[in-house]
Amino acid sequence: MDDATIAREAPVLAIVVSCFNEAEALPLTLPLLMAELDELVASAQIAPASKLVLVDDGSTDATWRVITEAAANDAHIVGVQLARNSGFQAALMAGLMEARRFCDACVSIDADGQDDERAMGAMVDAYRSGVDVVYGVRSNRDADSVLKRLTAQGFYRFMAAMGAKTVYNHADYRLLSRRVLDELAHFPEANLYLRGLIPLVGFTSAEVYYARRPRVAGESHYSWSSMAALALDGITSLTAKPIHLIAIAGAVISLASVAVIIWALVSLLVGSTVPGWTSLICAICFIGGLQLFALGLIGEYVARIYMETKGRPRYIVARRVGSIPSQRERHEEQEGREGSAPDTLSS
C-alpha cells in the first residue's frame with residue numbers, strides 16, 4: 001500500500017527558523033513558537049521529542065547570544081551558527097539538513113513573526129493524512145505596502161510566464177516530510193531557490209492558508225536589491241526560457257532586417273533614397289541594446305555554471321548548541337508513545 005494512503009502516527013517535528021540580525025524579534029517570536037509546539041504535543045499531534053532549530057546566518061548583532069541563552073534554558077531548542085552570512089536560502093537549507101538528522105517532518109518559518117504559527121496544526125494534520133509537502137499560502141497581503149504587494153504579485157506571475165513552477169503567494173513557510181528532505185539532500189546546486197526546488201522534488205502536496213501579519217519587531221532585511229537578486233536566482237536556477245526568448249527575438253529581428261535590406265535596395269534602384277540619420281541611430285541603439293542585454297543574461301547563466309563547477313560548500317557550520325536525539329533515543333521514544341500521556345516542552 002502506498003504511504004500516502006496510510007495514516008501516520010504523531011511525528012517528531014522540527015521547526016526550522018533562519019535568523020539574520022533578529023535579536024529584537026526572537027525574544028518575541030520564540031515564546032509564540034514554543035507555545036505552539038507545546039500545544040501540538042499536548043493535543044498528541046506531534047511527539048514530545050520535537051524540537052525548535054534556530055540557524056544564525058552570520059548575524060552581526062546579539063542573535064547568537066539570544067539563541068544560546070534560549071537553548072540553555074530549554075532542552076527542546078537547538079542552535080546552529082554558520083561561519084559567515086551565507087544567504088537566506090543556504091541558511092534555511094542548513095536548518096533543513098540539521099532537522100533531517102532526527103525529525104519525521106519539519107516546518108520552516110521566518111523569525112519575524114509574520115507567518116502565523118497557528119497554521120502548523122493544519123500542516124501536521126495534512127502530513128498525518130499522508131501528504132508529504134504542505135505549503136503555507138498567504139490568504140492576503142494586507143500587512144505589506146501597496147508597492148510590495150504589487151511587485152510580489154508581479155513576481156509570481158513573471159515566474160510562471162518564465163516557466164518556473166512555484167506556488168502563488170507562498171514564500172518559505174512549509175512542512176516537509178522526512179522522505180522529501182532525503183530527496184532534497186540529493187540536490188547539490190549552489191544556486192538555491194527552495195520555493196521552486198521543492199515542487200521539483202514532487203510527492204503529494206497540499207496548501208494551508210493563513211493571514212500574513214506585520215513584523216513583531218525590527219525591520220525587514222529584504223531590500224529591493226535582495227528581492228531582485230532572489231528573483232534572478234529563481235529564474236536562472238529553474239528555467240532557460242529567457243535564453244529561448246532571446247533566440248526567438250534574434251530570429252524575428254533577423255527576418256525584419258532582411259525585409260529592411262530588400263526595401264533599401266529597391267529604394268536605391270528606383271533612386272528614391274533620402275538621408276536616414278534618425279532611422280539609422282534608432283536601429284543601432286535598438287540592436288546594440290538588445291545585444292548587450294542578451295550578453296548580460298547569458299553571462300548570468302555562465303556565472304552560475306562557474307559557481308556550480310567549483311563545488312564549494314553552500315554553508316559552513318561554526319558551532320552548535322543544544323542536542324538532538326540519537327537514532328536509538330528516537331526508537332525508544334517511538335516505542336513509548338502509545339499509552340503515554342502527552343507532555344509539554346517548555347521549561
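Everything below is about the structure printed above this text.
If you're wondering where the values come from, they're calculated on a predicted model, not measured in any experiment.

A. Quick look at the side chain of Thr 63. Within the secondary structure layout, Thr 63 lies in helix 2 (residues 63–73). Within the structure, Thr 63 has its side chain in polar contact with the backbone nitrogen of Glu 22 (distance 2.8 Å). What Thr 63 contacts, discounting residues up to four positions off in sequence, is Cys 19, Asn 21, Glu 22, Ala 23, Leu 26 and Asp 56.

B. Representation of helix 1 (residues 26–42). Over its 17 residues, helix 1 runs 24 Å from end to end, which matches the ideal 24 Å to within 8%, given 1.5 Å per residue. Close packing links the buried residues of helix 1 with strand 1 (13–19), strand 2 (51–56), helix 2, strand 3 (77–82), strand 4 (105–110) and helix 4 (120–128). Once helix 1 finishes, Ala 44 follows within two positions and takes phi at roughly 60°, a positive value.

C. Quick peek at the packing of aromatic side chains. For the coordinates displayed, the defined rule picks out one aromatic pair. Judged by centre distance (5.1 Å) and plane angle (80°), the rings of Tyr 173 and Tyr 210 are edge-to-face. With a gap of 37 residues between them, Tyr 173 in strand 6 (residues 170–177) and Tyr 210 in strand 7 (residues 205–211) connect regions that are remote in the sequence. In this pair, the class of Tyr 173 matches that of Tyr 210, namely buried.

D. Representation of the pairing of strand 1 within the structure. In terms of burial, strand 1 is largely enclosed, as seven of its seven residues are buried. Burial of strand 1 is two-sided: the residues Leu 13, Ile 15, Val 17 and Cys 19 facing one way and the residues Ala 14, Val 16 and Ser 18 facing the other way are all buried. Bridging between strand 1 and strand 4 involves six bridges; their strand directions are parallel. Paired with Ala 14 across the bridge in strand 4 is Cys 106. The pairing of strand 1 with strand 2 spans six bridges and is classified as parallel. Within strand 2, the position partnered with Cys 19 by the bridge is Asp 56. For the crossover from strand 1 across helix 1 to strand 2, the handedness is right-handed.

E. Structural detail: the nonpolar core. One finds Leu 13, Ile 15, Val 17, Leu 52, Met 120, Tyr 173 and Leu 175 to be the most contacted residues of the largest nonpolar core, which totals 36 residues. In terms of residues, this core owes the most to one element, helix 1, which gives seven residues. Setting aside its immediate chain neighbours within four residues, Leu 175 contacts Leu 13, Ala 105, Cys 106, Val 107, Met 123, Val 124, Tyr 127, Asp 132, Val 133 and Val 134. By size, the runner-up hydrophobic cluster in this structure holds 33 residues, among which are Ala 94, Cys 103, Leu 181 and Leu 184.

F. Spatial organisation of the environment of Asp 132. Mapped onto the elements, Asp 132 comes out in the loop between helix 4 and strand 5 (133–140). Note: C-alpha distance between Asp 132 and Ala 105 (27 residues apart in sequence) is 8.5 Å. Apart from the residues within four sequence positions on either side, Asp 132 is in contact with Arg 8, Leu 175, Leu 176, Ser 177, Arg 179, Val 180, Phe 203 and Thr 204. For Asp 132, the side chain forms a polar contact with the side chain of Arg 179, separated by 2.7 Å.

Rules of the game
Residues numbered from 1 in each chain as written. Predicted model: local features only at pLDDT ≥ 70, side-chain atom pairs only at ≥ 80, totals over all residues. Heavy atoms only, no water. Helix = DSSP H or I, 4+ residues; strand = E, 2+ residues; numbered from the N terminus. Polar contact = N/O pair within 3.5 Å; in protein donor to acceptor, adjacent residues only side chain to side chain. Contact = heavy atoms within 4.5 Å. Expected span 1.5 Å × (residues − 1). Phe/Tyr/Trp six-rings, centres within 6.5 Å; stacked < 30°, edge-to-face > 60°. Buried < 20%, exposed > 50% of the residue type's maximum accessible area, 1.4 Å probe, protein only. Pairing = 2+ DSSP bridges. Right-handed = clockwise from strand over helix to strand, strands pointing away. Core = buried A, V, L, I, M, F, W, Y, C linked by side-chain atoms within 4.5 Å.

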